[in-house]
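Structural features, examined
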Amino acid sequence: MAMRQTPLTCSGHTRPVVDLAFSGITPYGYFLISACKDGKPMLRQGDTGDWIGTFLGHKGAVWGATLNKDATKAATAAADFTAKVWDAVSGDELMTLAHKHIVKSVDFTQDSNYLLTAGQDKLLRIYDMNKPEAEPKEISGHTSGIKKALWCSDDKQILSADDKTVRLWDHATMTEVKSLSFNMSVSSMEYIPEGEILVITYGRSIAFHSAVSLEPIKSFETPATINSASLHPEKEFLVAGGEDFKLYKYDYNSGEELESYKGHFGPIHCVRFSPDGELYASGSEDGTLRLWQTVVGKTYGLWKCVLPEEDSGELAKPKINFPETTEEELEEIASENSDSIYSSTPEVKA
Amino acid sequence: MQTPLSSPVPVLRLPRGPQGLSRGFAPDGRRAPLKPEVPETPESPAVHECQESQEQRARAVLRERYLRSLLAMVGRQVSFTLHEGVHVTAHFGATDVDVANFYVLQLQTPIGVQAEALLRCSDIIAYTFKL
């Protein structure tokens, strides 16, 4: 019998969630950081969505957030003209990096030694994490505010996206190598190191390019304006979300739409697969983060597979079990975004 | 042939949310050993305790005053200053146990009067009322 996707809603933010990022897989699992216009980015356990802590300090909307590979450091980009680096274990602020305008994007190198920042001042900046007092190296060239900047090709190159262009830069020489132009606003960019693939969204299109040459690989059209897309680590699926509040899942090879989900109460701003590909997270204008299973019905994290009852050919009755009213669940029911009926902890059938 | 209704994937529980006003990062959390060691300044336990109980008493007094101020507000016209320069007035009804929401009546907003409303306290910058 088919199982219906049960998204897990992570509440806590009070304003739109505009960016989210996963860490790598660490001995303690993997982690998720969310950037929010309420200025309080949050760290969560990646496979359950459980809140771990809130990074307090920014004085404006946080537009970008990232974790380093082992989730020991976090970086955030905000409208208060600063990027901040945090200890992701204690939640303490480690560095405040002053900029001349709103900062939109932050990204660590694989070894966490350098931080790349970019924003409305149209400059790419590279900070040495071991010399926080030193002036950053700056790369200019963009003619409009930069939305996203990412390290690529083993941190030897940099990819950056502004409103209408995506540019590739060489780290050592700090010069532009190649650029792509779009006639529609680029809404998001994701870099997949294994296979050097770049995922770009603009208008209703999701385009895949080589991160090394920027040559196009393929592209898909979707029913709605897409704000963010993510490619599964095994490159079997991609997920996307945008202005129609829905999440779409496509087969990467055939381009066929496999699943779509309603659930968010506002446009989806960001969507990312977890590092193990078992779930994907979406952040929305409605202030929530939702976790979705890649394979619906699998036992993973908080989702628990239950075998169907032996029913001798009759129609299976829909199980309408009311959630056990624990404190957390009461809170969830009372919150603005609760919309699914969850079955209670299933009895184990021998 | 009727297809059976699909049932939602069962869930053990919902993701835990933020705890009150705490910023989290539990000091006894799983990753605690990763934290860099902070040298502790030794203080004599007696002095420490005295300071603590003084502080605790002060907190209790302030808390009681605040709760009484809320009681005094019931039924009165209150002016709220919200984010982005928005000002609204309403008759205060009640607050919830965490003071996270204010229940108000006759909320006068720039787009009309709302008979009953819940104001999110995190949206309120300041409020004033006349005793």
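Just above, that's the structure.
For the structure given in this document, a descriptive report is provided here.

Conventions used here
- Per chain, the residues get numbers from 1 upward, laid out in the order the sequence is written.
- Starting at A for chains and at 1 for ligands, labels are handed out in the order in which the entities are written.
- This being a predicted model, a pLDDT of at least 70 is required before a residue's local features are given, and a value of 80 or more before pairs of side-chain atoms are given or counted; all residues contribute to the totals for chains, interfaces and linings.
- Here the side-chain values reflect all heavy atoms present in the structure, with hydrogen atoms and water set aside.
- Helix and strand definitions follow DSSP, with helices as H or I runs of at least four residues and strands as E runs of at least two, each counted in order from the N terminus.
- When a residue's accessible area, from a 1.4 Å probe over protein chains only, is under 20% of the maximum for its type it is buried; when over 50% it is exposed; and in between it is partly exposed.
- Working rule for contacts: check all heavy atoms of both residues, and any pair within 4.5 Å makes them a contact.
- The term salt bridge refers to a pairing of a side-chain nitrogen on Lys or Arg with a carboxyl oxygen on Asp or Glu at a separation within 4 Å.
- The rule is short: rings of Phe, Tyr and Trp, with Trp giving its six-membered ring, pair when the centres are within 6.5 Å, and they are stacked under 30 degrees, edge-to-face over 60, tilted in between.
- Think of it as a cone above the ring: NZ of Lys or CZ of Arg counts as a charge over the ring if it is within 6 Å of the ring centre and within 35 degrees of the ring normal.
- Here the buried area means the combined drop in accessible surface, using a 1.4 Å probe, for two parts upon being joined, counting both sides.
- Residues adjacent in sequence count toward polar contacts only when both atoms are side-chain atoms; beyond that, a polar contact is any pair of N or O atoms within 3.5 Å, and within protein one must be able to donate a hydrogen and the other to accept it.
- Ten residue types, Ala, Val, Leu, Ile, Met, Phe, Trp, Tyr, Cys and Pro, are classed as nonpolar, four, Asp, Glu, Lys and Arg, as charged, and the remainder, Gly among them, as polar.
- Only strands joined by at least two bridges in the DSSP assignment are considered to pair.

Some details on the side chain of threonine 222 of chain A
Residues and elements named next belong to chain A.
- Its location among the elements puts threonine 222 in the loop between strand 22 (216-221) and strand 23 (226-231).
- In this structure threonine 222 comes out as buried when scored by relative accessible area, which is 7%.
- Not counting chain neighbours up to four residues away, the residues in contact with threonine 222 comprise Arg204, Ile206 and Tyr250.

Considerations on the pattern of salt bridges
Residues and elements named next belong to chain A.
- Tallied over the full model, the rule gives 20 salt bridges over all chains.
- Lysine 147 is paired through a salt bridge with aspartate 163; the nearest N and O atoms lie 3.3 Å apart. One end of the pair, lysine 147, is in strand 15 (residues 146-152); the other, aspartate 163, is in the loop between strand 16 (157-162) and strand 17 (165-170), with 16 residues separating them in the sequence.
- Taking the relative accessible area as the measure of exposure, aspartate 163 reaches 28% and is therefore partly exposed.

Let's talk about the packing of aromatic side chains
- All chains considered together, the criterion is met by 14 aromatic pairs over all chains.
- The interplanar angle of 50° and the centroid separation of 5.1 Å between the aromatic rings of phenylalanine 55 of chain A and phenylalanine 25 of chain B together place this pair among those described as tilted. A residue pair is termed interchain when its members come from two chains, as with phenylalanine 55 of chain A in the loop between strand 6 (51-54) and strand 7 (62-67) and phenylalanine 25 of chain B in the loop between strand 1 (7-8) and helix 1 (45-73).
- Ring geometry for phenylalanine 80 of chain B versus tyrosine 127 of chain B: centroids 5.9 Å apart, planes at 45°, classification tilted. With phenylalanine 80 of chain B in strand 2 (residues 77-82) and tyrosine 127 of chain B in strand 6 (residues 124-129), this residue pair connects regions lying 47 residues apart in the sequence.
- Taken together, the ring pairs in this structure connect Phe208, Phe220, Tyr248, Tyr250 and Tyr252 of chain A into an aromatic cluster.
- Against the face of tyrosine 252 of chain A rests lysine 218 of chain A, its NZ or CZ located 4.2 Å from the ring centre.

Brief notes about the environment of tryptophan 86 of chain A
- Checked against the element boundaries, tryptophan 86 of chain A lands in strand 9 (residues 82-87).
- When the C-alpha atoms of tryptophan 86 of chain A and leucine 56 of chain A are compared, they prove to be 9.8 Å apart, with 30 residues separating the residues in sequence.

As for the interface of chain A and chain B
- Counting residues at the interface gives 54 residues for chain A and 30 residues for chain B.
- Both sides of the chain A and chain B interface together cover about 4100 Å² of buried area, and 61% of this is carbon and sulfur.
- By the criterion of area lost to chain B, the three top residues of chain A are Tyr28, Trp51 and Val89 of chain A, representing 18% of everything that side buries.
- Seen at the junction of chain A and chain B, the total is four salt bridges.
- When the shortest N-O distance is used, the salt bridge between arginine 15 of chain A and aspartate 123 of chain B registers 3.6 Å.
- Viewed at the interface, chain B and chain A are joined by 14 residue pairs in polar contact (both at pLDDT 80 or more).
- For the side of chain A that touches chain B, the secondary-structure elements that each account for two or more residues are strand 1 (3-4), strand 2 (8-10), strand 5 (42-45), strand 6 and helix 1 (327-334) of chain A.
- Residues belonging to the side of chain A that touches chain B are distributed by class as follows: 24 nonpolar, 18 polar and 12 charged.
- Taken together, the two bridges between strand 1 of chain A and strand 1 of chain B define a ladder with parallel strand orientation. Pairing of methionine 3 of chain A across the sheet is with serine 7 of chain B, part of strand 1 of chain B.

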